[in-house]
Amino acid sequence: MAPNIDIEKLAMIGCGSMGGGMALLFAEKGISVSLQDPSEEVMDALVAEAKKLDIGERVQKYTDYKSLCASLGSTKVFVFSLPHGSVGDTVLGGLLPFLKKGDIIIDAGNEHWENTERRQGKCTTKGIRYVGMGVSGGYQAARRGPSMCPGADDESLDIVMPLLRKAAAKDSKGNPCVGKAGTGGSGHYVKMIHNGIEHGMMCAISEAWAIMHKGLGMNEDEIGDVFAKWNSDGELRGTFLIDIGANICRTKDSKTGERVVDTVEDKVVQDLTGEEGTGIWSNAEAVNNHVPAPTLTVAHYLRIASAYRADRLHVKKSMGGAFPPQKLAIEDKREFLEQLRQATYTACLAAYVQGINTIDHGNRANKWNVDFRAVLQIWRAGCIIQADHIADMLQPIFDRRAAEDDVNLLFEEEVARDLRKGQSALKTVVVEATRADHVVPSLSASLEYIKYSCSEDLPTSFYEAELDYFGKHMYDKKGEDPAGLPTEGKHHYEWKPA
């Protein structure tokens, strides 16, 4: 049974946009927060802000670990908000001389789950509790209440959950968007895949925006109205990324009057600059666990290509020109917009399916006992992939499969029905967009995903024949493999004698 610990003090190590926001949030919830950051300027700004909010007595800065630790309670609690990688190891190493059995570290950065588990192992031998917790919603949510995804042993989670419930986002029913994701590094793993889903959804929505803007000639106000309508009802209702899409379209610079989105360059660079690792990791996990996740993967490739704008300009010159998107030859704009809505939803659902199937494989491989009902509650509000219709559809699925060891959403009737329903709209949109040279990787990959996921006549029979021809890789004969499992074939044909 977990000890009864009322956490009244904590240290926030890393006070950037996320850590700083959470520090003020915890202070507003009545927690005394000790700040530690390499930048005294950053800490001073937070202390000043706390004073403006009349919570100054609960926010203090410290410049060394000894005084920081001395400021905490008998059970010392730390929240990390650090860049991924070696920084966490350096901070942990600096803290260890001042820690004792029972102290608690909550790593709330976007850390790789394997680093989390390595640190958990290091802390366990000293009796220190280490919780790996994904935090979603961006810096605004960190300030007002983020979605929180903690993973650790059950006893440690029981101790920290009351603290986290105070600060977490609340769904429409007032329930906190935090739960026990599972054991080990599952908290950071689930958050990693959350970000992969996020990238797939953002890519599809961005493609829809470009189709409306450049293909249909709609202005930003008109597109904003469409996004707002999509977000208000139907399958895309309550979808955070659609909601902010409407705001983005309508926002003008208060100083210049320009549409801000019209001034934004077409570069996504976070993967290359090191700010963001989860997009890379989530795709690597899908590949390593043999999970088809094309909506997520092509979104990542588009991000990479976009970052290299100089290369794109060079290639344009070497090719003698580009393939700019053209106006679509659409007779019924209202009908096409409805098809675009259905196509966008279907791609978002495909991203969810691919992400959750990846979590399922990772969960079984690592024996984390991931609670998918808790994960769904974590994603109900305060996170980037909030999607009310999808969550409502998945809730009964996870409820009835709570005691089962594996989840494949493609096997679920409700999910399969919506994917099949959206296939026609995806096909129409992708055909029209491709004909007019629009860039639609996520929409087109989602269409192909639906087709090949249910096909029993793929072109891979010829693929397998070629593998056998030059590599003697063996194949199964048609009709001789009723189980259809991914096992080595029994046959080889000597296509050309050695």
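A short tour of the structure in this document, coming up. Keep in mind that this is a model prediction, so the values were computed, not measured. (Residues numbered from 1 in each chain as written. Predicted model: local features only at pLDDT ≥ 70, side-chain atom pairs only at ≥ 80, totals over all residues. Heavy atoms only, no water.)

Here we look at the overall build of the chain
Right, so step 1: Helix and strand content of the chain: 20 helices and 7 strands.
Right, so step 2: A globule of 498 residues ought to have a C-alpha radius of gyration of about 23 Å, and the chain, at 25 Å, matches this closely.
Right, so step 3: Structurally, the chain occupies a C-alpha span of about 75 × 65 × 45 Å along its principal axes.
Right, so step 4: When each of the 498 residues of the chain is scored for burial, the buried share is 49%.
Right, so step 5: In the chain, of all internal contacts separated by at least 6 residues, the share reaching a separation of at least 24 is 70%.
Right, so step 6: Surface summary for the chain: the accessible area is close to 24,100 Å², and the carbon and sulfur share equals 52%.
Right, so step 7: Where the 57 positive side-chain charges of the chain centre and where its 70 negative ones centre are 3 Å apart. (Helix = DSSP H or I, 4+ residues; strand = E, 2+ residues; numbered from the N terminus. Rg over C-alpha atoms; globule rule 2.2 N^0.38 Å. Buried < 20%, exposed > 50% of the residue type's maximum accessible area, 1.4 Å probe, protein only. Contact = heavy atoms within 4.5 Å. Areas by Shrake-Rupley, 256 points an atom, 1.4 Å probe, with all protein chains shown as cover. Lys, Arg positive; Asp, Glu negative; His and termini not counted. Charge placed at Lys NZ, Arg CZ, Asp CG, Glu CD.)

Describing the nonpolar core
For soluble globular proteins, nonpolar side chains are generally found buried alongside one another.
Right, so step 1: Among the nonpolar cores identified, the biggest contains 77 residues, and Met-212, Tyr-352, Trp-379 and Leu-394 are the most heavily contacted of them.
Right, so step 2: If one sorts the elements of this core by residue count, helix 15 (residues 333-366) sits on top with 14 residues.
Right, so step 3: With near-sequence residues (within four places) excluded, Leu-394 lies in contact with Tyr-352, Ile-356, Leu-376, Leu-409 and Val-415.
Right, so step 4: Membership of the second largest hydrophobic core comes to 39 residues, among which are Ala-23, Leu-46, Val-77 and Ile-159. (Core = buried A, V, L, I, M, F, W, Y, C linked by side-chain atoms within 4.5 Å.)

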